[in-house]
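Structural overview for review
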Amino acid sequence: MKHRIFIAINLPEGIKENLISYQKKIDGLFAFDWDEASFVKPIRWTKKENLHITLVFLGYIREEGLLDLFRIVKEAASRNKSFEVRLNKICYAPPKKMPPRMVWAIGERSSEFTALRDDLERSLAASEKVSFAPENRAFSPHITLGRIKLWQWRQIEPEERPNISEDISLNFRVNSVEIMESRLKRKGPEYTVLKSCPLSEQN
């Protein structure tokens, strides 16, 4: 049996509530006064329970590789200290790509975040039971708030497409990373925490 796996930072409930309020605000920008009853808004919003920051996406892993994965992530987490994530902007994403594919909440790329992700990637790449190749690219923490439905997006005249670019200030502490399983369902993905791995405490 294979499992679709990623490693993530899950969010405090208060942060999720704040992000949901931004989703609703942005959704309102697409409330055009059109007579076309068939108009469908062009963003599929992420459910509150699914909001997270992906550290590493692994794809499908066989059952026999899970125990090795649990050990690797637990050891890497224990080598890295807890840290703060600062979310500072909401915008279309990926940046500078048109048409946009998503709406992101973007955070600052701290040295602690980078060290944790690099440690995870190095450790996973060295495993014989987990198939993983590092991406070797700069990576900033981001949360996918919604995904653009391109057909509906293209039905909106360019001058009527809302400009989504807002400075925000949301901070939270990361005390653990989670190994997550994603099950693809008709109504969207369902995520399950398979193992939570605590980071070391600050001195």
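Above this text sits the structure in question.
Presented here is a report on the structure given in the accompanying data block.

Analysis parameters
- Residues numbered from 1 in each chain as written.
- Predicted model: local features only at pLDDT ≥ 70, side-chain atom pairs only at ≥ 80, totals over all residues.
- Heavy atoms only, no water.
- Helix = DSSP H or I, 4+ residues; strand = E, 2+ residues; numbered from the N terminus.
- Rg over C-alpha atoms; globule rule 2.2 N^0.38 Å.
- Contact = heavy atoms within 4.5 Å.
- Areas by Shrake-Rupley, 256 points an atom, 1.4 Å probe, with all protein chains shown as cover.
- Lys, Arg positive; Asp, Glu negative; His and termini not counted.
- Charge placed at Lys NZ, Arg CZ, Asp CG, Glu CD.
- Core = buried A, V, L, I, M, F, W, Y, C linked by side-chain atoms within 4.5 Å.
- Buried < 20%, exposed > 50% of the residue type's maximum accessible area, 1.4 Å probe, protein only.
- Phe/Tyr/Trp six-rings, centres within 6.5 Å; stacked < 30°, edge-to-face > 60°.
- Axes fitted to C-alpha atoms, helices over the stretch in contact; angles between N-to-C directions.
- Left-handed = near helix turned anticlockwise from the far one by under 90°.
- Nonpolar A, V, L, I, M, F, W, Y, C, P; charged D, E, K, R; others polar.
- 1 Å grid on protein atoms, 1.4 Å probe; cavity = no way out; pocket = protein on both sides within 12 Å on 5 of 7 lines; lining within 4 Å.
- Points joined across faces, edges and corners; volume = space filled by probe spheres on them.
- Pairing = 2+ DSSP bridges.

1. So, the overall build of the chain
Secondary structure assignment for the chain yields four helices and nine strands. Tracing the chain from N to C terminus, the helices and strands come up as β-α-β-β-α-β-β-α-β-α-β-β-β. Against the globule reference of 17 Å for 203 residues, the chain gives a C-alpha radius of gyration of 18 Å, in line with a compact fold. By principal-axis analysis of the C-alpha atoms, the chain measures approximately 55 × 40 × 30 Å. Taking the contacts inside the chain whose residues are at least 6 apart along the sequence as the reference set, 78% of them involve residues at least 24 apart. Surface accessibility of the chain: about 11,600 Å² in total, with carbon and sulfur atoms responsible for 47%. Charge centroids of the chain, computed over 34 positive and 28 negative side chains, lie 4 Å from each other.

2. Re the nonpolar core
In this structure, Leu19, Leu58, Leu69 and Val177 are the most contacted members of the largest nonpolar core, which totals 52 residues. It is helix H2 (residues 63-78) that provides the largest number of residues to this core, a total of seven residues. Formed by five residues, the second largest nonpolar core is a distinct cluster that contains Cys91, Ala93, Met102 and Trp104.

3. Details of the packing of aromatic side chains
Under the criterion given, the structure shown has four aromatic pairs. Ring centres of Phe6 and Tyr191 lie 5.1 Å apart, and the angle between their planes is 75°; this geometry places the pair in the edge-to-face category. Taken as a pair, Phe6 in strand E1 (residues 2-10) and Tyr191 in strand E9 (residues 188-198) lie far apart in primary sequence, 185 residues in all. Measuring from ring centre to ring centre gives 6.5 Å for Phe83 and Phe113, while their planes differ by 80°; the resulting arrangement is edge-to-face. Residue Phe83 is located in strand E4 (residues 83-93), and its partner Phe113 is located in helix H3 (residues 111-125); the two are separated by 30 residues in the primary sequence. One exposure class covers both Phe83 and Phe113, and it is buried. Grouped by ring-pair contacts, the aromatic residues Phe83, Phe113 and Phe139 constitute a single cluster.

4. What to know about the packing of H2 against H3
For the pair H2 and H3, the least separation of the axes is 9 Å and the interaxial angle reads 145°. Considering how the two elements wind past one another, H2 and H3 form a crossing that is right-handed. In this structure, H2 uses Leu69, Ile72, Val73 and Ala76 to contact H3, whose residues at the interface are Asp119, Leu120, Ser123 and Leu124. A breakdown of the residues in the contact of H2 with H3 according to their chemical character gives six nonpolar, one polar and one charged.

5. What about the layout of surface pockets?
In this structure, the largest pocket encloses a volume near 840 Å³. Taken together, 34 residues line the largest pocket, and the ones lying closest to its centre are His52, Thr54, Thr144, Arg147 and Tyr191. Ranked by the residues each element gives to the lining of the largest pocket, the list is headed by strand E3 (residues 52-62), at five residues. Partitioning the lining of the largest pocket into residue classes produces 16 nonpolar, nine polar and nine charged.

6. Quick notes on the pairing of strand E5 (residues 102-107)
Most of E5 is tucked away, with six of its six residues classed as buried. The side-chain alternation of E5 yields two buried faces, one formed by Met102, Trp104 and Ile106 and the other by Val103, Ala105 and Gly107. Sheet topology places E5 next to strand E6 (residues 142-148); five bridges connect them, and they run antiparallel. Residue pairing for E6: Ile106 is matched across the bridge by His142.

7. Structural notes on unusual backbone geometry
With omega at -10°, the peptide bond leading from Ala93 into Pro94 counts as cis. The linkage connecting Met98 with the following residue, Pro99, adopts the cis geometry, with an omega of -10°. Its location among the elements puts Pro99 in the loop between E4 and E5.

Purely spatial values, then, with no claim about function.
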